[in-house]
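What follows is each chain in one-letter form.
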Amino acid sequence: MITKEAPAAAPAPTPAVPEAPRPGRKRPAWDEVPRWQIYLPLGIYLVFTLIPFYWILLFALRPAGSTSLVPWPMTTEHFEKVWTDRGFGTYFENSVYVGLATLVMTTLVALAGGYALARFDFRIKRGFMLALLCSQFVPGALLLVPLFEIFAELQMINSLGSVIIAETVFQLPLSIILISNFIKNVPYSLEEAAWVDGCGRFRAFRIVVLPLLRPGLIAVGSFAFVHSWNHFLFALMFLNNQSKQTIPVGLNSLMSADSVDLGALAAGGIVAAVPVVIVFAFIQKWLITGFSAGAVKG
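Computed from a predicted model, the values in this text were never measured in an experiment.

Student: Provide a residue-level description of the side chain of Thr246, including the pertinent values.
Tutor: Considering the arrangement of structural elements, one finds Thr246 in the loop between helix H10 (233-238) and helix H11 (247-253). Overall, Thr246 belongs to the buried group, its relative accessible area being 5%. Look past the residues within four positions of Thr246 in its chain and what remains in contact with it is Tyr91, Asn94, Ser95, Val98 and Ala235.

Structure below.
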């Protein structure tokens, strides 16, 4: 009798051996990078940044006619000259007045306009936003002729009010856009909760929304102050009397076609730069990050 043999069992598959990783160059972590590779480029950049400031201090503090690369012996004759003889004390007061007034007017108007754009819907809202954005492409020089005609009709030429209004108009478009974005980040439910508790719209805005807008208000106000402090064109065109001029115009008066008093010009530059440096030293933490968006839980 012929018997049929059972088929042979298939061999078990051999487990796949994982492929060894190819030898490659490991990317170093930040904490494994040698310190000199970080500090060397930063040091080179710092040197190139600080050399102009040291040069200004050198000319401002060393005596006239000296060629030393070290401001020793130091002198304050250049500061006394620009502050008293060249009228920088008056220029400084005018610049402070223009800067603070521009800060207040820009912040208040931008706060009202930004709230309207962030919380209300109206027919020309998108067109208005587009007009604000397009206005940023218009240079300030193109506004001189129409603004001069308007201020001449209002008899505001040679008045600090004309410069304040011009600086405010120039700063408003960007300031309104920034404030509206800050207000949009404040949850609308916070205002609704205040309304339920009996607050009106203005009181709810003052109690709930306004404290959360502090970083945005500081940023907008500081930009308006610094721009009006350093802006040269409006003050030059609208102010004719020397007692009404600001620091940028005063710096320009130190340069003539025949000669330039480098010591006085350097001292005037330090006088112009110190207030801006102090302002940014105190508000830098508000300019780095905005407020937290998670104001509502759940």
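Okay, back to it.
Student: Before we move on, could you go through the nonpolar core and cite the residues and values that matter?
Tutor: If you look at the biggest cluster of nonpolar residues, it comprises 18 residues, and the most contacted ones within it are Leu111, Ile176, Ile179, Ile183, Phe205 and Leu213. Among the elements of the structure, helix H3 (88-119), helix H6 (160-184), helix H8 (201-212) and helix H9 (214-230) are those that each provide at least two residues to this core. Among the elements that line this core, the one with the most residues is H6, at six residues. By size, the runner-up hydrophobic cluster in this structure holds 17 residues, among which are Phe88, Phe225, Ile270 and Val276.

Student: I'd like a rundown of unusual backbone geometry, residues and numbers included.
Tutor: Positive phi outside glycine occurs at Gln155, with the angle close to 60 degrees. Here Gln155 lies in the loop between helix H5 (144-153) and H6. The backbone of Asn158 shows a phi angle near 65 degrees, a positive value even though the residue is not glycine. Looking at the secondary structure, you find Asn158 in the loop between H5 and H6.

Student: Go over a nonpolar patch on the surface with me, naming the residues and quoting the values.
Tutor: Taken together, the side chains of Trp36, Leu40, Ile44, Val47, Phe48 and Ile51 present a nonpolar region at the surface, about 660 Å² in accessible area. Along the chain, Phe48 falls in helix H1 (residues 35-61). Taking the relative accessible area as the measure of exposure, Phe48 reaches 62% and is therefore exposed.

Student: Can you break down the pattern of salt bridges residue by residue, with the values?
Tutor: A complete count under the given rule lists two salt bridges for this structure. A salt bridge links Lys125 to Asp121; the shortest N-O distance between them is 3.3 Å.

Student: Can you tell me about the packing of aromatic side chains, naming the residues and giving the values?
Tutor: Overall, the coordinates contain 12 aromatic pairs when judged by the stated rule. Between Tyr115 and Phe205, the ring centres sit 5.0 Å apart and the planes meet at 70 degrees, which makes this aromatic pair edge-to-face. Of this pair, Tyr115 sits in helix H3 while Phe205 sits in helix H8, and the two are 90 residues apart along the sequence. Of the residues examined, Phe205 reaches a relative accessible area of 11% and is grouped as buried. Ring centres 5.2 Å apart and planes at 85 degrees place the aromatic pair Phe151 and Phe238 in the edge-to-face group. With Phe151 in helix H5 and Phe238 in helix H10, this pair connects stretches of sequence that are 87 residues apart. This pair shows no difference in class: Phe151 is buried, exactly as Phe238 is. If you follow Arg62 out to its NZ or CZ, it ends over the ring of Phe59, 4.6 Å from the centre.

What counts and what doesn't
Residues take numbers from 1 onward in each chain, read along the sequence in its written order. In keeping with the model being predicted, local features are shown solely for residues with a pLDDT of at least 70 and side-chain atom pairs are shown and tallied solely at 80 or more, while totals for entire chains, interfaces and linings include all residues. Only hydrogens and water are set aside; all other atoms, that is, all heavy atoms of the structure, feed into the side-chain values. Helix numbering and strand numbering both begin at the N terminus, where a helix is a DSSP run of H or I of at least 4 residues and a strand a DSSP run of E of at least 2. Categorising residues by exposure relies on relative accessible area from a 1.4 Å probe, with only protein chains included: less than 20% of the type maximum marks a residue as buried, more than 50% marks it as exposed, and the intermediate range marks it as partly exposed. Working rule for contacts: check all heavy atoms of both residues, and any pair within 4.5 Å makes them a contact. To form a nonpolar core, buried Ala, Val, Leu, Ile, Met, Phe, Trp, Tyr and Cys residues must be joined to one another through side-chain atoms within 4.5 Å. Patch membership needs two things, relative accessible area over 30% and no salt bridge, and members are linked within 9 Å if like-charged or within 5 Å if nonpolar (Val, Leu, Ile, Met, Phe, Trp, Tyr). Each accessible area value is a Shrake-Rupley result obtained with a 1.4 Å probe; residue values ignore everything except the protein chains displayed when judging cover. We count a salt bridge whenever a side-chain nitrogen from Lys or Arg sits within 4 Å of a carboxyl oxygen from Asp or Glu. Aromatic pairing here means that ring centres of Phe, Tyr or Trp (its six-membered ring) are within 6.5 Å. Orientation follows from the plane angle: under 30 degrees is stacked, over 60 is edge-to-face, and everything else is tilted. By definition, being over a ring means that NZ of Lys or CZ of Arg is both within 6 Å of the ring centre and within 35 degrees of the ring normal.

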